[in-house]
Amino acid sequence: MQNVMIDIETLGQVPGSAILSIGAYNLETEATFYLDIDLSSNFAAKMSVDAATIQWWFKQKPEAQAVFNSKAAVTLPEALQRLADFLPEAKELYVWGNGCNFDIVLLEVAFRRCNIPVPWKYTNIRDHRTAVGLYPGIKKPKNTLAHNALADAVAQGQHLKLILEHNRGR
């Protein structure tokens with residue numbers, strides 16, 4: 001079994017929103033993945049932008065806003081293919097997002113719009129918020145940089161790892 005926490009930063013809150021970056025953390029191997037995404041390639045894939053989300057970004061720390069000035073940004077299709085390549089080829093690959101209706105759902109729309117096969121089974125999608133709700137007493141590790149896809153994925157993944165270890169010990 002392989003569990004991978006995925007986090008994205010976007011310019012909207014609905015499926016089809018432009019994706020600024022993708023971060024992932026493999027709970028078993030502790031391998032990480034991070035890419036910034038070129039905004040113009042989102043438009044080529046018909047991804048949308050929400051004005052309220054752009055205003056929200058203006059209120060974030062400069063370190064989080066750095067995603068807008070990345071010199072290493074890749075196209076959306078390249079980022080999605082590289083994420084697919086990062087994911088382990090495990091019969092039981094579980095992808096986790098922080099909310100059942102955000103990260104994974106938005107990524108699936110992006111995969112489809114870029115004509116790239118979704119690299120996980122729809123039955124293997126999991127929700128970190130639900131796990132947190134079931135085990136509210138398990139303390140969350142400190143996040144080094146809120147609203148950075150990698151920092152968020154690592155912090156959420158480490159928290160989920162504690163929850164899963166606690167659950168297995170019961």
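Up top is the structure.
Residues numbered from 1 in each chain as written. Predicted model: local features only at pLDDT ≥ 70, side-chain atom pairs only at ≥ 80, totals over all residues. Heavy atoms only, no water.

**Re the side chain of N26**
- Of note, N26 is situated in strand β2 (residues 19-26).
- Within the local environment of N26, its side chain forms a polar contact with the backbone nitrogen of E28, the two atoms lying 2.8 Å apart.
- Apart from residues no more than four positions distant in its own chain, N26 is found in contact with Q2, N3, V4, A31 and P88. (Helix = DSSP H or I, 4+ residues; strand = E, 2+ residues; numbered from the N terminus. Polar contact = N/O pair within 3.5 Å; in protein donor to acceptor, adjacent residues only side chain to side chain. Contact = heavy atoms within 4.5 Å.)

**So, the side chain of N3**
- Along the chain, the position of N3 falls in strand β1 (residues 2-10).
- Judged by its relative accessible area of 2%, N3 falls in the buried class.
- At a separation of 2.9 Å, a polar atom in the side chain of N3 contacts the side chain of W96.
- For N3, the residues in contact, after removing those within four places along its chain, are Y25, N26, L27, E28, Y94, W96, L164 and R168. (Buried < 20%, exposed > 50% of the residue type's maximum accessible area, 1.4 Å probe, protein only.)

**Looking at the packing of helix α4 (residues 76-86) against helix α5 (residues 103-113)**
- Viewed as axis vectors pointing N to C, α4 and α5 meet at an angle of 115 degrees, and their least axial separation amounts to 10 Å. As summarised for this structure, α4 and α5 are arranged roughly perpendicular, according to the angle between their axes. Viewed along their axes, α4 and α5 form a crossing whose handedness is left-handed. When α4 is examined against α5, the residues L76, L80, L83 and A84 are found in contact with a partner set consisting of L107, A110 and F111.
- Residues belonging to the contact of α4 with α5 are distributed by class as follows: seven nonpolar, no polar and no charged. (Axes fitted to C-alpha atoms, helices over the stretch in contact; angles between N-to-C directions. Parallel < 35°, antiparallel > 145°, perpendicular 65-115°, else oblique. Left-handed = near helix turned anticlockwise from the far one by under 90°. Nonpolar A, V, L, I, M, F, W, Y, C, P; charged D, E, K, R; others polar.)

**Re the environment of I8**
- Within the secondary structure layout, I8 lies in strand β1.
- Taking the C-alpha atoms as reference, I8 lies 14 Å from M47; in sequence the two are 39 residues apart.
- Aside from chain neighbours lying at most four places away, what touches I8 is I19, S21, I22, F102, D103, L106, L107 and A149.

**Concerning the pairing of β2**
- Burial within β2 is extensive, with eight of its eight residues counted as buried.
- Relative to β2, β1 runs antiparallel, the two being bridged by seven bridges. Among the inter-strand pairings, T10 is bridged to a residue of β2, identified as I19.
- Judged from the five bridges that link them, β2 and strand β3 (residues 32-36) form a sheet pairing that is antiparallel. Looking at the pairing, A24 lines up with F33 of β3.
- The antiparallel pairing of β2 with β3 creates a hairpin that spans five residues between the two strands, and E30 there sits at a positive phi of about 65 degrees. (Pairing = 2+ DSSP bridges.)

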